[in-house]
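# Coordinates in review
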Amino acid sequence: VRPACVPAEYPRGSPVEPLVTTPKHSSLATIALILGGVAIGITEFVTMGLLPQIAGGVGVDIPTAGHAISAYAVGVVIGAPVLAAWGASKPRKGLLLGLVVAIIVGNVLSALAPGYGSLVGARVLAGLPHGAYFGVATLVAIDLAPAGQAGRAVGRVMLGIPIANVAGVPLVFWMGQAFGWCSVFWFFS
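Residues numbered from 1 in each chain as written. Predicted model: local features only at pLDDT ≥ 70, side-chain atom pairs only at ≥ 80, totals over all residues. Heavy atoms only, no water.

Following both chains from N to C, one finds helix H4 (residues 67-87) and helix H7 (residues 130-144) inclined at 45°, their axes separated by 6 Å at the closest point. Comparing their axes, H7 and H4 come out oblique. Judged by residue contacts, Tyr72, Val76, Ala80 and Leu83 of H4 engage His130, Gly131 and Ala132 from H7. Class assignment of the residues belonging to the contact of H4 with H7 gives a composition of 5 nonpolar, 2 polar and no charged. (Axes fitted to C-alpha atoms, helices over the stretch in contact; angles between N-to-C directions. Helix = DSSP H or I, 4+ residues; strand = E, 2+ residues; numbered from the N terminus. Parallel < 35°, antiparallel > 145°, perpendicular 65-115°, else oblique. Contact = heavy atoms within 4.5 Å. Nonpolar A, V, L, I, M, F, W, Y, C, P; charged D, E, K, R; others polar.)

Turning to its location among the elements, alanine 164 is positioned in helix H9 (residues 160-179). The sequence separation of alanine 164 and isoleucine 42 amounts to 122 residues, and the corresponding C-alpha distance is 5.3 Å.

Before going further, it helps to spend a moment on the environment of valine 124. Mapped onto the elements of the fold, valine 124 is located in helix H6 (residues 116-127). Its relative accessible area of 24% is what places valine 124 among the partly exposed residues. Separated by 14 residues in the primary sequence, valine 124 and serine 110 have C-alpha atoms spaced 9.7 Å apart. Contact partners of valine 124, with chain neighbours within four places excluded, come to Ala71, Tyr72 and Gly75. (Buried < 20%, exposed > 50% of the residue type's maximum accessible area, 1.4 Å probe, protein only.)

This part covers the side chain of arginine 123. Take arginine 123: it is sitting in helix H6. Buried charge without a partner: arginine 123 forms no salt bridge, and the closest opposite charge is glutamate 44, 8.0 Å away. Those residues within four positions of arginine 123 in sequence are excluded, and the remaining contacts are Thr43, Glu44, Thr47, Ala68, Ala71, Tyr72, Asn107, Ser110 and Phe185. (Lys, Arg positive; Asp, Glu negative; His and termini not counted. Salt bridge = Lys/Arg side-chain N within 4 Å of Asp/Glu carboxyl O.)

What follows covers the nonpolar core. Membership of the largest hydrophobic core comes to 22 residues, with the highest contact counts inside it found for Ile42, Leu50, Ile54, Leu119, Val172, Trp181 and Val184. Every residue in contact with tryptophan 181, bar those within four places of it in the chain, is listed here: Leu50, Gln53, Ile54, Gly57, Val58, Ser110, Leu119 and Gly176. Membership of the second largest hydrophobic core comes to 20 residues, among which are Tyr72, Leu99, Ala132 and Phe134. (Core = buried A, V, L, I, M, F, W, Y, C linked by side-chain atoms within 4.5 Å.)

The structure is reproduced here in C-alpha cells:
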C-alpha cells in the first residue's frame, strides 16, 4: 500500500520517493549516516598525521608521500559531480550502500598498496565517493526528518566530520603509530 504522502506518479523505490520510517528507524539511520561521515573524515585526515610512516612504508620521502593526500582530494573533486549526476536517477538507499562499498574498496586497496603509485591510485579511488556520500546522506536525512526539521537533520549528519577531527583522528593516529599505518585503512574497511 502506497503511503498517502507519496504521489502516484513516483514509482516505489524512485530516488524522489520519501522514505517512510518509524522514529526509531529514523534515529538508527541517522546514527548510521553520522558514523559513515566519521569513517570518511578519519580516513581522509589521518593520512596527514601518518605521512612519515607511509613514506617509509612505500619507500619515498615525506613530501612525495604527501601526494597521497592530494590524490584523495582529486578523487573527491572528480567523484562528487560525476557520481552525483550518475546517481541522480538511482534509488538513494542503494546508491548510499554502493558508495559505502566503494569507500571500503578504496581503503582496502590503500592498505594493500605495495608501493607509492598503487597507494596514490588507491587514494584517488577512496576519494571518489566522498562528496557523493555526503550529498546523498543529507538527502536521506531530510527524508527521514520530521516536518520542519530538515536543517537539523542535515546538521546531525554533518557532525561526522567534526567528530572525526576531534576524537577519531587522534585515536586512529595513535593506532597507526602503534600498529602501522595500514592498520588504519584495514580498520575502516
